[in-house]
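These are the residues of each chain, in order.
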Amino acid sequence: MAVTDIKETQNYSAVEGQERKVPADCAGMRFDQALVRMFPEHSRSRLAAWVKQGQVMLNHAAVEAKRKVWGGERVSLALQAEARDAARQAEAIALEIVHEDAALLVLNKPAGLVVHPGSGNWQGTLLNGLLHHHPPLAAIPRAGIVHRLDKDTSGLLVVAKTLEAQTDLVRQLQARTVVRQYLALAHGVVARDGSVDAPIGRHQTQRTRMAVTERGRAARTHYRVLERYANATLLECSLDTGRTHQIRVHLQSIGHPLVGDPVYRAGRRVCHNNAPGPLASFKRQALHAYRLGLVHPLSGAAMQWEAPLPADLRALLSRME
């Protein structure tokens, strides 16, 4: 998949010490239900995680999510930053900003840039660059990142600059109202437009890979043929869901894996991988997030952006022609 929606369950210290009184209209509610009403700037999943971790206090004591509240109790957030979050450092990394305002920024990520720090990539990531570009993002979970692109996928990403904007964008992603369209060069000649509706989960034996599996999570990808070449097809792909490696896995599952994909490779029967030529020499998955559309968290206006193909993909298509 090209993009991964991020669940907000991590800790952070920006709101430590925040305290509010349970309002009378929450009387009789479960603690977790009252929290959603009391702290609308945080998503339901984020609040649930904090309660489970004992980091939300009711009258200065940690309680279970099912505990009833009756109004007048004091609720406080006593959150501690994760060690890895505390160790995050701002780095001067060049970012191509497509749009920026008080609530969000949209950027065009180059291939090769890791979005979020992780095993083997604790520095030099998009997150590090965001913290340098806008230091207040240190107070936002994941520096405002709400979805990801794979390291070697290029294209558009939206980042929230406030907690309220982040929660709103996460809810839009969950409601599947965010427009996310990709340009993908796939091996083989795709006969017609179509969709792949197949669950995706971890590969049974290769845990770093994903696969279509009955035990996976629902995933749906739509594709439209834009151009056919001798041994490849340029597709426009749209996502209804945001599973890890979704486009890559789904196209492989129908016999048309992405050109250059080092993980979900095409077999010799489909793409003649051992033959010389532009397809064999392309060294990353040929995937670009070229269109992004959403509702602005503050204005409520529908907004949309497009990013042209990067130079390497333009050159590849030119050679194909």
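Note that this is a predicted model, so its numbers are computed, not measured. (Residues numbered from 1 in each chain as written. Predicted model: local features only at pLDDT ≥ 70, side-chain atom pairs only at ≥ 80, totals over all residues. Heavy atoms only, no water.)

Caption draft 1: How the structure looks around the overall build of the chain. Each helix and strand counted, the chain has nine helices and 17 strands in total. Across the 321 residues of the chain, 50% fall into the buried class. Long-range pairs, those at least 24 residues apart, make up 68% of the contacts in the chain with a sequence separation of at least 6. For the chain, the computed accessible surface area is about 14,900 Å², with 49% contributed by carbon and sulfur atoms. (Helix = DSSP H or I, 4+ residues; strand = E, 2+ residues; numbered from the N terminus. Buried < 20%, exposed > 50% of the residue type's maximum accessible area, 1.4 Å probe, protein only. Contact = heavy atoms within 4.5 Å. Areas by Shrake-Rupley, 256 points an atom, 1.4 Å probe, with all protein chains shown as cover.)

Caption draft 2: Layout of the nonpolar core. Counting residues in hydrophobic clusters, the biggest one holds 32 residues, and the most contacted among them are Leu130, Tyr182, Leu235, Cys237 and Leu251. The dominant element in this core, judged by the number of residues it contributes, is helix α4 (residues 126–133), at four residues. Setting aside its immediate chain neighbours within four residues, Leu130 contacts Leu95, Leu105, Leu107, Leu137, Ala143, Ile145 and Val159. Val22, Val63, Val69 and Leu77 belong to the second-largest nonpolar core, a separate cluster that totals 18 residues. (Core = buried A, V, L, I, M, F, W, Y, C linked by side-chain atoms within 4.5 Å.)

Caption draft 3: Looking closely at the sheet that holds strand β4 (residues 61–62). Strand order in the open sheet formed by four strands is β2-β5-β3-β4, and the pairing between neighbours is antiparallel. Strand pairing shows two members of the sheet lacking a second neighbour, β2 (19–21) and β4, which therefore form its edges. The sheet strands contacting helix α1 (residues 31–38) are β2, β3 (56–58) and β5 (74–77), and the helix crosses β3 at an angle near 110 degrees. (Pairing = 2+ DSSP bridges. Axes fitted to C-alpha atoms, helices over the stretch in contact; angles between N-to-C directions.)

Caption draft 4: How the structure looks around the packing of α1 against helix α2 (residues 44–52). Two numbers describe how α1 lies on α2: the axes approach to 10 Å, and their chain directions differ by 130 degrees. Overall, the two elements α1 and α2 adopt an arrangement that is oblique. When the axes of α1 and α2 are compared, the crossing they make is right-handed. Residues Phe31, Leu35 and Val36 of α1 pack against Arg44, Leu47 and Val51 of α2. Here the contact of α1 with α2 is built from residues that sort into five nonpolar, no polar and one charged. (Parallel < 35°, antiparallel > 145°, perpendicular 65-115°, else oblique. Left-handed = near helix turned anticlockwise from the far one by under 90°. Nonpolar A, V, L, I, M, F, W, Y, C, P; charged D, E, K, R; others polar.)

Caption draft 5: Focus on α2. Arg46, Leu47, Ala49, Trp50 and Val51 are the residues of α2 that are buried. Along its buried surface, α2 packs onto α1, β3, β5 and α5 (163–174). Positive phi shows up at Gly54, right after α2, with a value of about 70 degrees.

Caption draft 6: Just the side chain of Asp150, in detail. The topology assignment puts Asp150 in the loop between β8 (147–149) and β9 (154–160). A distance of 3.0 Å separates the side chain of Asp150 from the side chain of Arg248, its partner in a polar contact. (Polar contact = N/O pair within 3.5 Å; in protein donor to acceptor, adjacent residues only side chain to side chain.)

Caption draft 7: Geometry of the pattern of salt bridges. Here the structure, examined in full by the defined rule, presents 13 salt bridges. Here Glu100 makes a salt bridge to Lys161, at a shortest N to O gap of 3.0 Å. Of this pair, Glu100 sits in strand β6 (residues 97–100) while Lys161 sits in the loop between β9 and α5, and the two are 61 residues apart along the sequence. A relative accessible area of 33% places Glu100 in the partly exposed class. For Lys161, a relative accessible area of 13% corresponds to the buried category. Taking the shortest distance from any N to any O, the salt bridge between Glu236 and Arg291 comes out at 4.0 Å. You can see Glu236 sitting in strand β15 (residues 232–239) and its partner Arg291 sitting in strand β16 (residues 287–295), a full 55 residues away along the chain. (Salt bridge = Lys/Arg side-chain N within 4 Å of Asp/Glu carboxyl O.)

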